[in-house]
Amino acid sequence: MAETVSERQIGDVVLDLRNISLAFGGVNALSDISFDVREHEIRAIIGPNGAGKSSMLNVINGVYQPQQGEVVLRGQRFEKMSPGHAARAGIARTFQNIALFKGMSVLDNIMTGRNLKMKSNILQQAVWWGPAQREELAHREKVEEIIDFLEIQHIRKTPVGRLPYGLQKRVDLGRALAMEPSILLLDEPMAGMNIEEKQDMSRFILDVNDQLGTTIVLIEHDMGVVMDISDRIVVLDYGKKIGDDTPDEVRANPEVIAAYLGASH
Amino acid sequence: MGFFLETLIGGLMAGMLYSLVALGFVLIYKASGVFNFAQGAMVLFAALAMARFAEWIPGWLGFENQVLANILAFAVAAAVMFVVAWLIERLVLRHLVNQEGATLLMVTLGIAYLLEGIGQSLFGDNIYSIDVGMPKDPVLVLEGMFPGGLLINKEDFIAALIAAALVAALSLFFQKTATGRALRAVADDHQAAQSIGIPLARIWVIVWFVAGIAALVAGIIWGSKLGVQFSLATVALRALPVVILGGLTSVPGAIIGGLIIGVGEKLSEVYIGPLVGGGIEIWFAYMLALVFLLFRPQGLFGEKIIDRV
Ligand SMILES: Nc1ncnc2c1ncn2[C@@H]1O[C@H](COP(=O)(O)OP(=O)(O)OP(=O)(O)O)[C@@H](O)[C@H]1O
Ligand SMILES: [Mg+2]
């Protein structure tokens, strides 16, 4: 895997978080956090529970609006990012507490990821008219490719609510991939998985990064996986940034070690 | 036996209309989390628009063809309901995202009064008629199978067919089209839907418009039978127990709940009514809803309501 990583061309900064502060009532979820994400890299965010990792992701795609700071996306400054803006700008994400459309099938869930790419209007769809139908079929083909890639052909028609956790996480990734994002935000994609499932998921993430060139921002608790697949790591603790470096440097950072030892008590 | 079947069929036909109005409730509740008390007012408003435009348009354009007048009036009334949906999203929903259920409920009560008030000042407050050429005479069917046959009300029969066709068309639309999929996505999870770029505002306009069209069709059917008057708003509120019975979040629940209430009303009126002195049709549905609220608050098909702690 190290070889694949070294062969990729890591580019310029595509996403720059500047002095982000976010508070809920009295709780400072994020205090003056700055870091950047470069094109094609796998950028991990780690930290103990409640460190502010998910909040950071939510700020990036506009689910939360920070009280201070700005999100700069390919040079464009957003003081108020919104989920819609982020989606249109090519940012896709998965959620820590899987947020799939429970009543819908795997296929339909992933199809919703194509929403922004649909051009036919509601009237054409209502009468199931030529262009709408052709478009639907074209998108369907793309979605089938994603289903093959994630190896979930056997559950295509199953309502996602009935799937085991590990497979739901995969469908969540599939829906995000269907958007053909340039930046993919993953919030603990391997939580609750066994070793085998984790290996599959790591492979999917690396393949997406390598073959499609997608920039990935990843939150993950499994240190083995994080050290293995990420290029650079941001470490948060109680809403503060306590480390930002390559995996090897982060591993040796005394402050990081202390935070993790403290958290395990 | 023949009489029982007549009553049953009468109930099913009346129930189909409740289903249609209940569908409006369910769609709005699923997509925007609002329990829409204004549904009845929307029926009145739409029926008023239909009745008055059918009266005015021939005068404005100088023709006398009733069919053409009705078609044009329907188109204009549908457009009016679109404007209503758009205004409600713009002026109200947009500013109330993530508010408490109780707040939203009060807001829809406000919308109901506004629609009733504005409707009457725009279109007048008399009793108006809608004449879409519904046959008024009953017809005998299945005379070979039952002595004396079954007496069916043609008007109710056609009304039920129209309502059923509209419900079926809407269900297909939700299942088979991209917009339908987006609607279901929003109904399941707002945040995830927004994160894949589905615009909530647009979805809300569509949903309120669809509910508006359901209200228009129900308004035309009831209006042509009862006349367009203030009481139409309360007739539509009879669909309220339907959604409690069927479950606020279930489309099939709205349909089946409507049929159950329709049948229940008619059967109870005929068979229990004489024992308690009649008038049971008025309160039967509410009674049934109350029983459900006590013993199965999520309704027949709704999702179980779990309080988050
Ligand atoms: N919507 C919210 N309302 C109130 N407080 C919140 C909200 N979201 C996050 N917080 C608080 O902000 C802090 C950071 O939470 P966050 O979910 O970002 O942590 P995390 O690093 O993702 O933790 P975990 O590893 O447990 O997922 C916590 O104290 C949390 O309680
Ligand atoms: Mg988290």
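Counting restarts for each chain: residues are numbered from 1 in the order of the written sequence. Whichever chain is written first becomes A and whichever ligand is written first becomes 1, with later ones labelled in order. Where local features are concerned, this predicted model is filtered to residues with pLDDT of at least 70; where side-chain atom pairs are given and counted, the filter is 80 or more; whole-chain, interface and lining totals use all residues. Side-chain measures were taken over the full set of non-hydrogen atoms in the model, leaving aside hydrogen atoms and water.

Moving on, we come to the site of ligand 1. All names here are of chain A. One heavy atom within 4 Å of a molecule or strand makes the whole residue count as near it. Near ligand 1, the surroundings consist of 14 residues, among which Gly-50, Lys-53, Ser-54, Ser-55 and Gln-96 are the closest. Measuring from an oxygen atom of ligand 1, one finds a backbone N or O atom of Ala-51 at 3.2 Å. In this structure, an oxygen atom belonging to ligand 1 sits 2.6 Å away from a side-chain N or O atom of Ser-55. Calculation of accessible area relied on Shrake-Rupley with a 1.4 Å probe; when residues are assessed, cover is drawn exclusively from the protein chains displayed. For ligand 1, the protein covers 65% of the area, taking 630 Å² as the surface of the free molecule. A run of H or I in DSSP counts as a helix once it spans at least four residues, and a run of E counts as a strand once it spans at least two, with each numbered from the N terminus. Secondary structure elements with two or more residues in the shell around ligand 1: β2 (27–38) and α2 (53–60). Per-element tally for the shell around ligand 1: the top contributor is α2, with three residues. Polar here means any residue other than Ala, Val, Leu, Ile, Met, Phe, Trp, Tyr, Cys and Pro, which are nonpolar, and Asp, Glu, Lys and Arg, which are charged; Gly is therefore polar. Taken together, the residues of the shell around ligand 1 break down into five nonpolar, seven polar and two charged. Definition of a polar contact: a pair of N or O atoms within 3.5 Å, with one able to donate and the other able to accept a hydrogen when the atoms are protein atoms, and with sequence-neighbouring residues admitted only if both atoms are side-chain atoms.

A few words now on the coordination of the magnesium ion (ligand 2). By definition of the ideal shapes, a tetrahedral metal site with four donors has angles of 109.5 degrees and an octahedral site with six donors has angles of 90 or 180 degrees. Any N, O or S atom lying within 2.8 Å of the metal counts as a donor, and for Na, K and Ca the limit rises to 3.2 Å; water is left out, so some sites can look incomplete. Each protein donor to the magnesium ion (ligand 2) is listed here as Ser54(A) (OG) and Gln96(A) (OE1); together their distances run 1.9 to 2.0 Å. Here Gln96(A) lies in the loop between β6 (91–93) and α4 (106–112) and Ser54(A) lies in helix α2, a separation of 42 residues in the sequence.

Residue and element names in this part refer to chain B. Values of pLDDT, the confidence the predictor places in each residue, fall between 0 and 100. Confidence in the prediction for chain B averages 87 pLDDT; 98% of positions are at 70 or higher. Ranking the elements of chain B by mean pLDDT puts strand β1 (residues 138–141) last with 78 and helix α3 (residues 66–92) first with 94. Both confidence scores are given for the complex: pTM 0.86, ipTM 0.86.

Here we come to the environment of Ala211(B). Residue and element names in this part refer to chain B. Tracing the sequence through the fold places Ala-211 in helix α8 (residues 200–226). Sequence separation between Ala-211 and Gly-24 is 187 residues, and the spatial gap between their C-alpha atoms is 4.2 Å. Contacts: residue pairs with any heavy atoms within 4.5 Å of one another. Apart from the residues lying within four places of it in its own chain, the contact partners of Ala-211 are Gly-24, Ile-28, Gln-39 and Met-42.

A word on the side chain of Ser195(B). As for its position among the elements, Ser195(B) is in helix α7 (residues 190–195). Relative accessible area serves as the criterion here: at 2%, Ser195(B) is assigned to the buried category. Dropping the residues within four chain positions of it, Ser195(B) is found in contact with Asn61(A), Val63(A), Pro83(A), Ala87(A), Ile91(A), Arg93(A), Phe95(A) and Met179(A). Partly exposed describes any residue whose relative accessible area lies between the buried limit of under 20% and the exposed limit of over 50%, with all areas from a 1.4 Å probe on protein chains only and scaled to the type maximum.

On to the domain arrangement of chain A, then. Residue and element names in this part refer to chain A. In terms of domains, chain A is made up of domain 1 (1–23 + 30–90 + 180–265) and domain 2 (102–175). For the purposes of this description, domain bounds are those given by an automatic or database domain assignment. If you average the C-alpha positions of domain 1 and of domain 2, the two centres end up 27 Å apart. At the interface, 18 residues of domain 1 touch 12 residues of domain 2. Considering only the surface of domain 1 that becomes buried against domain 2, Glu-180, Met-201 and Phe-204 emerge as the three largest contributors, covering 43% of it. By definition here, a salt bridge exists when the distance from a side-chain nitrogen of Lys or Arg to a carboxyl oxygen of Asp or Glu is within 4 Å. Run the count over domain 1 and domain 2 and you get three salt bridges. Elements with a contribution of two residues or more to the side of domain 1 that touches domain 2: α3 (83–88), β7 (183–187) and α8 (195–211). When residues of the side of domain 1 that touches domain 2 are assigned to their parent elements, the largest contribution, seven residues, is made by α8. Buried surface area refers to the total accessible area, computed with a probe of radius 1.4 Å, that the two partners give up upon joining, counted for both partners together.

Once that is clear, we can look at the pairing of strand β9 (residues 232–237) of chain A. All names here are of chain A. In terms of burial, β9 is a largely internal element, six of the six residues being buried. Neither face of β9 is open: one carries Arg-232, Val-234 and Leu-236, the other Ile-233, Val-235 and Asp-237, and all of them are buried. The rule for pairing is simple: two strands pair if DSSP sees at least two bridges between them. Following β9, the chain reverses through two residues before pairing antiparallel with strand β10 (residues 240–245); Tyr-238 in that reversal takes a positive phi of roughly 45°.

One broad rule of soluble globular proteins: the nonpolar side chains tend to lie buried together. One finds Ile110(A), Ile152(A), Leu184(A), Ile205(A) and Trp222(B) to be the most contacted residues of the largest nonpolar core, which totals 144 residues. If one sorts the elements of this core by residue count, α8(B) sits on top with 18 residues. Mapping this core onto the domain boundaries places at least three of its residues in each of domain 1 (1–23 + 30–90 + 180–265) and domain 2 (102–175) of chain A. In this description, a nonpolar core means a group of buried Ala, Val, Leu, Ile, Met, Phe, Trp, Tyr and Cys residues linked to one another through side-chain atoms lying within 4.5 Å. With 28 residues, the next largest nonpolar core counts Ala51(A), Leu57(A), Leu73(A) and Ile183(A) among its residues.

Let us look at the sheet that holds β2(A). Across a sheet, paired strands are connected by hydrogen bonds in the backbone, their directions being either parallel or antiparallel. Residue and element names in this part refer to chain A. Read across the sheet, four strands follow the order β2-β1-β4-β5 without closing on themselves; strand pairing throughout is antiparallel. Every interior strand has two partners, whereas the edge strands, β2 and β5 (76–78), have only one. Ignoring which end each strand starts from, the neighbouring axes of this sheet average 20° apart. Relative to β2, strand β1 (residues 13–24) runs antiparallel, the two being bridged by eight bridges. Across the sheet, the residue bridging to Phe-24 is Val-27, located in β2. Structural elements are reduced to axes, namely lines fitted to C-alpha atoms, with helices fitted over the stretch in contact, and the angle between N-to-C directions of any two is expressed from 0 to 180 degrees.

Residue and element names in this part refer to chain B. Because side chains alternate across strand β2 (residues 150–153), one face comprises the buried residues Leu-150 and Ile-152, and the other comprises Leu-151 and Asn-153, none of which is buried. Of the pairings in the sheet, the one linking β1 to β2 comprises four bridges and is antiparallel in character. In the sheet register, Leu-140 faces β2, and the bridge partner there is Leu-151.

What follows covers the pattern of salt bridges. Scanning the model with the defined rule gives 23 salt bridges over all chains in all. The salt bridge involving Arg77(A) is made with Glu70(A); its shortest N-O contact spans 3.0 Å. Taking the relative accessible area as the measure of exposure, Arg77(A) reaches 53% and is therefore exposed. Here Arg52(B) makes a salt bridge to Glu55(B), at a shortest N to O gap of 3.3 Å. Pair noted here: Arg52(B) and Glu55(B) are both in helix α2 (residues 39–61), with a separation of three residues, about one helical turn. Because the salt bridges share partners, they merge into one network encompassing Asp36(A), Glu41(A), Arg43(A), Arg232(A), Lys241(A) and Asp244(A).

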